[in-house]
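Residue-level listing of the chains:
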Amino acid sequence: MQRWPVLLFLAWVCFLFFSGIGLFMSGFLLTRIELANSSSCSDPLAPPPWDKQSLPPGSCWVPQRFPKVVLVIIDALRFEFALFNPAKVNPLPYENKLSFLHHLATSQPHHARLYRFLADPPTATMQRIKGLTTGSLPTFIDVGSNFATYAIQEDNLLAQLVQNGRRVVFMGDDTWEGLFPKKFFRSYFFPSFNVKDLHTVDNGILQYLYPTVNSGEWDLLIAHFLGVDHCGHKHGPDHPEMAKKLTQMNEMLRSLVDHLGNDTLLLVAGDHGMTETGDHGGDSQREVNAALFVYSKTPLFGTDPPEEPEAIPQVNLVPTVALLLGVPIPYSNIGEVMAELFSGDGDTVSEALQQLLVYHINAKQVDRFLHSYSLVAQDLPAEQLQHLQELFSSAVEEHVQLLAQVQRAMLVSPELESKLRSLISRFQLYLRQARAVCTQSWARFHPLRMVGGCTLIAASCLLCYVASELATVSDSFYRSCLLYPLLWGLMTAVLRGLACVFTQEELDLLLLLSWAAAASLLGFFWHWWGRHPKRARLLGSQPPLASIGLRQRLRVWLGLAFPVSILFFRCGAMFSDSFVVAEAQVAPFLLASLVMLLIGKLHWDGHLTVPEGPKQQALGFSSYRKESWHLLCLVAVLLVCVRLSGFFHQCREEIPQCRPSVFLPPLASLRNTRAKNLFYLLCVALLAGLVYAVRSWLRHYGNLNSSDPLVLFVRWGFPLVVLCIACYWAVASSAEDSLGKLQELVEVAIIAFPWAVYGLVSIGLLLLLCHPMTVFAKDSRESAGSIVTPYQGIPSSKVDLLQVIPQIYKRMQESEKSRLERRSCRATVAAYGLGSVYSAALVIALTLLGFLLMLLHSERLSLAFLLLFLEAFVLLHIHTRARSLAGDTEPFSVPWFSVISWLLAASQFFYSTGHQPIFPAIHWNAAFVGFHLDHSTNLLPAVLVGANTFASHILFAVGCPLLLLWPFVCEMPSSQKKKSKREPQEELQTVDEHMMEMRLRESPEKFSTALLQLGLKYLFVLGAQLLACVCAAVILRRHLMVWKVFAPKFLFESLGFMVSSICLLLGISLVMRVDCAVSTWFSQLQLR
Amino acid sequence: MKEAELRRLLAANLLCAGSIVLTALVPALFLDGFSVLGTHLTWLCICSVCVSVLNVTLCLILKPSPSSKRSSLSNKISRFLKCCIYFFMSCILFHAIIVLYGAPLIESVTETFLFAVLLSTFTTLQCLCLLGPNIQAWIRVFSRNGAMSIWENSLQITTTCSILGGWFGAFPIPLDWDRPWQVWPISCSLGATFGYMAGLIIAPLWIHWNRKQLTYKSR
């Protein structure tokens, strides 16, 4: 058996997928690291005071200019909506509706101004709110300290205001509630989720807006209107409803301005624009161009407005508002102050000096941020940072010198003014370049990388399919399909690396790996193509063979059509946000359909009915075979399992009427003591039942007879693990106060029991690795048994048939025979449990993993795990029965139907263990099973949470080789007899051939091929799902739901793929390990 | 002979399809506020009843499966009772399968059950009319080369189409279009109905096109 090539091949395929995923992720997922630092009033950022004036009380960094600011956010207020062009005769529904802004801007040019407000992609509301308050560029993943909440952890405008004792009042979109918990002095939230609802939020705000403004109990008032955005989503911008909505906004602004005091600054901003269809999220001009309108009853601007409204980035709002209100600029801000708002009413020199002051502070803050950021992350290019640093220090130096000159009054006005202007422009240059550097690395998709990743994944899928069809194990197969491609890849990597060294480019490891992967893929297809014509020629020389091949291939294709169509539906479902949201229902539906299709097909082909005898044929009647009824019962059990597993679902916020399963919260949260006790007992009883079932299964196949450490572990360790888990559950779910004095003991126990389980499980797994054999050999060579009957133990096995079914290995016999004949000595060896030695090892491993994963979930989810085990068992049986009924001629290849149903069950149980592919649904508690609330590293909690999240992926992937082994384990003596009846001449040879899994050992080449094929098929189906996710993310990257639905789905799917593929490799290597052990066992036996 | 029978089949099928269209239109004249979507349950009842009545009548008139021996009254009654029991059981079975496929268990039981009745009408009732309460014959018909007449061929096609239609009808349910027909079980029952009607129309055409290949075993 070729073990290493198989594993190497699978590992190589996994590597291809991983590099594709990595490449795609690097292009798609914009990441950034959140800094925990925050600015404070005492930070020495201001330049040396040049006029000796001290800050007025309540101001930080610079004197405050406005005590009050009203920020009106009109969601999706595109720049064109706010623009007013009186010359237009027939305005579109969204044009010329905000006439009041135009009126203000023209009648009071020094009080009001309209700007083009450039949003940074992703233009989704949540990311924009983050950008508008932190002054940074939020990406999809802002790597912060806490994933569990949406709350903004970074320093932000609201936090600064609260820190400095200001009152922030909010009304509108309830997204803010999650982002800024407990930050608001007063708040009126309205549900934002229903996109179809145009009025709830707006009318709610209007109800509270004016009374709040009049009461004056606020320093920053934020009103976030959603109607325009919802109208865009529902009707699109070019619709009469939009005209109504914008007119309503216009009236709102008109009366709002009436209520404002003289000391108040009014800002009207859109957080992003919208496309012609009303969507947003991407980076097209229409989505990015929002409007900003600034107004105050005191004069703001020293100059007249420019002809064309100025374009300013959205991040500029944060430092501007912060300094206008006299609070520190948030730490991570990269925006630039809008200097014209700081001009004041002095002469041009003092105006310029004032502007220079705010620029100086702003630049110092940005420099401080860049410095701190470059210490924790390397994603900003070093040489550009160096360049920025030089710009900054020279500007600051010059500023200080200039200030000294001003103080000594050495410069006359015009010269000073020009110097000041040039210095201002240098600060501006610095700030803009800094922002550009950040934008470059945080807010750009890399389409080339995305397409490259997609292509790599697609090509790997194709490779899996081709190789699984091809897999005829021979040395030439491995040489041409594994060795050469690997060499190609390695060569490319080395060449590329050398090229990098020579050109002194920075070596991007990810790109290097992707190049290697692409080259090895090319190599594979090249060699495969090279082999192809040879095969064709070979077939061409034998025409009848070729035609048979064609017919067979047609039949294979037809047989493929059903499972592949189900897979197609599953992949298609990834392209619709509704279906991704409803996937918890979609996967079981498709699984049930697949199984029903299988039954229908078997029935249609007449495999379920009794073969027609002459009498029945005359009547035209037929009835079901006994095995068919078994199959139908199994299907019924499967369907019930599938339906029951639906009671463990978690909810997503997209489905408001959904109620999360009552089984998800831990028992400790249950008030009713009786229910708690009942549930606890039920969980423990079922756990014990699982152990009992596994043990009786093993005993049935004779795997519990030896006294190996592993078998002893199964006998005594399993109950012990269950005991530990039960104790842990008892301690964890007991009411905290009821224990009183025992509290300390409980503290210890709550740590000790999980550790006991971890320890026992790892001992079990280690034993499994060291002695994977669960075979008991009964050597009876001394007792001179007859060589003719291969079953030495038949009489005894009939007596205690349920206890042991002795297994004997025929080839063993033959080799013994040849040897023994020479020695003229008769003997035989009865080996108990040899027939299921592979499956037994896998079942033990799965049970141990199951214990571990159950421990990580809340107590009542163990019911879901039991359903999982039951369903997997039933699926295996259905697979076996269906194959034996259909009279499958190829026992060594697992049909697509089984692989697809296995994977559908895996994704079904992802949902049925209380998970959803969104971040808030992750069970963070799992990180603290066996730990108090401290972790020295991030690795361990990540592993625990990952194991919890991908529990079903792990179990199903490790159990995947069972699909190959099960039909051999379930090989029925009865079917053998039937066969022998049909072919009486072969009876003598077949009647006693009860070899089960030893059939696999008999043809080691076929065995390794079968494992390889199974692995490739599994990876193909997984890869197809992943590919669908990736394509959905690429195609729908402008979709409204991309950051809420598709991107998290892609992330979970790709992580699930990685976990599954690694576990698949582990499962297959476990089988190989058992095979090794079996080989050594035989050689020892022969030596004896 | 074959052509004539095919024509009879076509007429019968068109009659069935026409009756379904009528059930959607005619009751609106008599019942206030009737519409297929608005008062879906009423329509389900009307449609099931009409289709079953029509089918039974057609079966009695056309006699596609002439019974070989004359049977006594008591025999007929027992056959009839058996048919009723079979129909009821198939309703229950369909209900169970629909629930296992993910339909709500406790809420909207009526809707689910009526959908099951509709499906039974489209499938089981046809079998009962054509083959009588004889499971073995059913099993034979729904297997490869099992059909012995064009009526049985038509039965195969309509049944498969109805069930497929119902299955595809479940697809739009999760979509967020907020249409009235996405409510359970409207899309599924509409899908089944459309599937049934499509089957009724496809069956004669398919048989017509494949009449050369279709050779029925002698009874």
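Residues numbered from 1 in each chain as written. Chains lettered and ligands numbered in written order. Predicted model: local features only at pLDDT ≥ 70, side-chain atom pairs only at ≥ 80, totals over all residues. Heavy atoms only, no water.

## Thoughts on the overall build of chain A
Operational definition: Under the scheme used here, helices are H or I runs from DSSP no shorter than 4 residues and strands are E runs no shorter than 2 residues, and both carry numbers assigned from the N terminus. Think of it in three bands: with a 1.4 Å probe and only protein chains considered, a residue is buried below 20% of the maximum accessible area for its type, exposed above 50%, and partly exposed in between. Contacts: residue pairs with any heavy atoms within 4.5 Å of one another. Note on areas: these come from Shrake-Rupley sampling with a 1.4 Å probe, and a residue is covered only by the protein chains present in the view.
If you tally the helices and strands in chain A, you get 38 helices and 13 strands. Across the 1088 residues in chain A, those meeting the buried criterion constitute 55%. Long-range pairs, those at least 24 residues apart, make up 81% of the contacts in chain A with a sequence separation of at least 6. Surface accessibility of chain A: about 45,700 Å² in total, with carbon and sulfur atoms responsible for 63%.

## Brief notes about the interface of chain B and chain A
Stated precisely, the cut-off is as follows: By buried area we mean how much accessible surface two parts lose on assembly, using a 1.4 Å probe and totalling the loss over both. Between Lys or Arg on one side and Asp or Glu on the other, a salt bridge is scored when a side-chain nitrogen of the former is within 4 Å of a carboxyl oxygen of the latter. As used in this structure description, the phrase polar contact means that two N or O atoms lie within 3.5 Å; if the pair is within protein, one of them must be able to donate a hydrogen and the other to accept it, and residues adjacent in sequence are counted only when both atoms belong to side chains.
At the interface, 26 residues of chain B touch 26 residues of chain A. On the chain B side of the interface with chain A, the three residues burying the most area are B:L100, B:Y101 and B:I139, jointly 28% of the side's total. Applying the counting criterion to the chain B and chain A interface returns 1 salt bridge. Linking A:D605 and B:R144 is a salt bridge whose minimum nitrogen-to-oxygen distance equals 3.1 Å. For the pair chain B and chain A, the number of links is 10 residue pairs in polar contact (both at pLDDT 80 or more). Of all the secondary-structure elements, those providing two or more residues to the side of chain B that touches chain A are α4 (73-100), α7 (135-141) and α8 (150-169) of chain B. Looking at the side of chain B that touches chain A, the element that brings in the most residues is α7(B), giving 4 residues.

## Points about the pattern of salt bridges
Residue and element names in this part refer to chain A. Scanning the model with the defined rule gives 21 salt bridges over all chains in all. In this structure, E583 and K1049 form a salt bridge, with 2.7 Å as the shortest nitrogen-oxygen distance. Taken together, the residues E583 in helix α20 (residues 583-604) and K1049 in helix α38 (residues 1042-1087) connect sequence positions 466 residues apart. Of the two residues, E583 and K1049, neither departs from the other in class, the shared state being buried. Via salt bridges that share partners, R78, E80, E276 and R286 belong to a single interconnected network.

## Section: empty space enclosed by the protein
The condition is simple: Put simply, the grid is 1 Å and covers the protein atoms alone, a cavity is a trapped set of points that fit a 1.4 Å probe, a pocket is an open set with protein on both sides within 12 Å along at least five of seven lines, and lining residues have an atom within 4 Å of a point. Grid points are joined across faces, edges and corners, and a volume is the space filled by probe spheres set on the points. Each residue gets one label: Ala, Val, Leu, Ile, Met, Phe, Trp, Tyr, Cys and Pro are nonpolar, Asp, Glu, Lys and Arg are charged, and the others, such as Gly, are polar.
Going through the model one piece at a time under the given rule, you end up with 5 cavities of 30 Å³ or more. Taken as a whole, the largest cavity holds about 250 Å³ of empty space. Broken down by secondary-structure element, the contributors of at least two residues to the lining of the largest cavity are α1 (2-25), α3 (40-62), α6 (124-131), α8 and α9 (186-209) of chain B. Among the residues making up the lining of the largest cavity, the classes are represented as 13 nonpolar, 5 polar and no charged. The calculated volume of the second largest cavity comes to roughly 140 Å³. Together, 16 residues line the second largest cavity, and A:R570, A:S907, A:H953, A:K1049 and A:E1053 are the ones closest to its centre. At the level of elements, α30 (896-912), α37 (1004-1035) and α38 of chain A are the ones that each hand at least two residues to the lining of the second largest cavity. Counted by class, the lining of the second largest cavity contains 8 nonpolar, 4 polar and 4 charged residues.

## Topic: a nonpolar patch on the surface
Residue and element names in this part refer to chain A. Using the following cut-off: Like charges within 9 Å and nonpolar side chains (Val, Leu, Ile, Met, Phe, Trp, Tyr) within 5 Å are joined into patches, using only residues over 30% in relative accessible area that form no salt bridge.
Residues L483, Y484, L487, W488, L490, L522 and W526 make up a contiguous nonpolar surface patch of roughly 740 Å² in combined accessible area. Breaking the nonpolar patch down by element, the ones donating at least two residues are α16 (475-503) and α17 (509-540). Here L490 is to be found in helix α16. Taking the relative accessible area as the measure of exposure, L490 reaches 56% and is therefore exposed.

## Quick look at the side chain of A:N289
All names here are of chain A. With respect to the helices and strands, the residue N289 is situated in strand β9 (residues 289-296). Here N289 falls in the buried class, since its relative accessible area comes to 6%. A distance of 2.9 Å separates polar atoms of two side chains, one belonging to N289 and the other to Q285. Ignoring any residue separated from it by four or fewer positions in sequence, one finds N289 in contact with L77, R78, F79, R116, F117, L118 and G273.

## Digging into the nonpolar core
Residues and elements named next belong to chain A. The condition that has to hold: Buried residues of nine kinds, namely Ala, Val, Leu, Ile, Met, Phe, Trp, Tyr and Cys, make up a nonpolar core once their side-chain atoms join them within 4.5 Å. Residue ranges for the domains trace back to a domain assignment, done automatically or taken from a database.
Ranked by size, the top nonpolar core spans 269 residues in total, and within it F9, F28, I878 and Y1018 carry the most contacts. Ranked by residues supplied to this core, first place goes to α38 with 22 residues. Shared between two domains, this core holds at least three residues of each, these being domain 1 (1-28 + 445-541) and domain 4 (542-673 + 683-773 + 835-1087). With residues up to four places along the chain from it excluded, the contact list for Y1018 reads V899, W902, L903, F956, A957, C960 and L1064. Of all hydrophobic cores here, the second largest spans 85 residues; its members include F117, L265, A363 and L403.

## Some points on the packing of aromatic side chains
The geometry of an aromatic ring pair is captured by two quantities: the separation of the ring centres and the angle between the planes. Using the following cut-off: Any two rings among Phe, Tyr and Trp, with Trp reduced to its six-membered ring, count as a pair given centres within 6.5 Å; such a pair is stacked if its planes are under 30 degrees apart, edge-to-face if over 60, and tilted if neither. Look at NZ for Lys and CZ for Arg. If either is within 6 Å of the ring centre and within 35 degrees of the ring normal, a charge sits over the ring.
Using the criterion set out here, one finds 55 aromatic pairs over all chains in the structure. Aromatic pair A:F892 and A:F968: ring centres 5.6 Å apart, planes at 45°, arrangement tilted. With A:F892 in the loop between α29 (862-886) and α30 and A:F968 in helix α33 (residues 962-969), this pair connects stretches of sequence that are 76 residues apart. Note on accessibility: A:F892 and A:F968 belong to one class, buried. Relative to B:W138, the ring of B:Y86 has its centre 6.1 Å away and its plane inclined at 85°; by these criteria the two rings are edge-to-face. Highlighted residues: B:Y86 in helix α4 and B:W138 in helix α7, separated in sequence by 52 residues. Residue class for B:Y86 comes out partly exposed when judged on its relative accessible area of 21%. For B:W138, a relative accessible area of 14% corresponds to the buried category. Feature note: the residues A:F568, A:F569, A:F589, B:Y101, B:W167, B:F168 and B:F171 constitute an aromatic cluster, connected by ring pairs. Lying across the ring of A:W218, A:K68 places its NZ or CZ 4.5 Å from the centre.

## Re the sheet that holds β9(A)
Residue and element names in this part refer to chain A. Rule in force here: Pairing between two strands is assigned when DSSP locates at least 2 bridges connecting them. Only C-alpha atoms enter the line fits that serve as axes; for helices the fit covers just the stretch in contact. Angles between N-to-C directions range over 0 to 180 degrees.
A sheet is described by the order of its strands in space; here 8 strands give the open sequence β6-β5-β7-β2-β8-β9-β3-β10, paired in mixed fashion. Of all strands in the sheet, those bounded by a partner on one side alone are β6 (186-190) and β10 (311-313). Strand-to-strand twist in this sheet, taken as the mean axis angle between neighbours without regard to direction, amounts to 20°. Here strand β3 (residues 112-118) pairs with β9 via 7 bridges, running antiparallel.

## Some details on the confidence of the model for chain B
Spelled out, the test is: pLDDT expresses how confident the predictor is about each individual residue, on a scale running from 0 to 100.
Confidence in the prediction of chain B, expressed as mean pLDDT, is 88, and 94% of residues score 70 or more. Per-element mean pLDDT across chain B ranges from 85 in α7(B) up to 94 in helix α5 (residues 109-122) of chain B.

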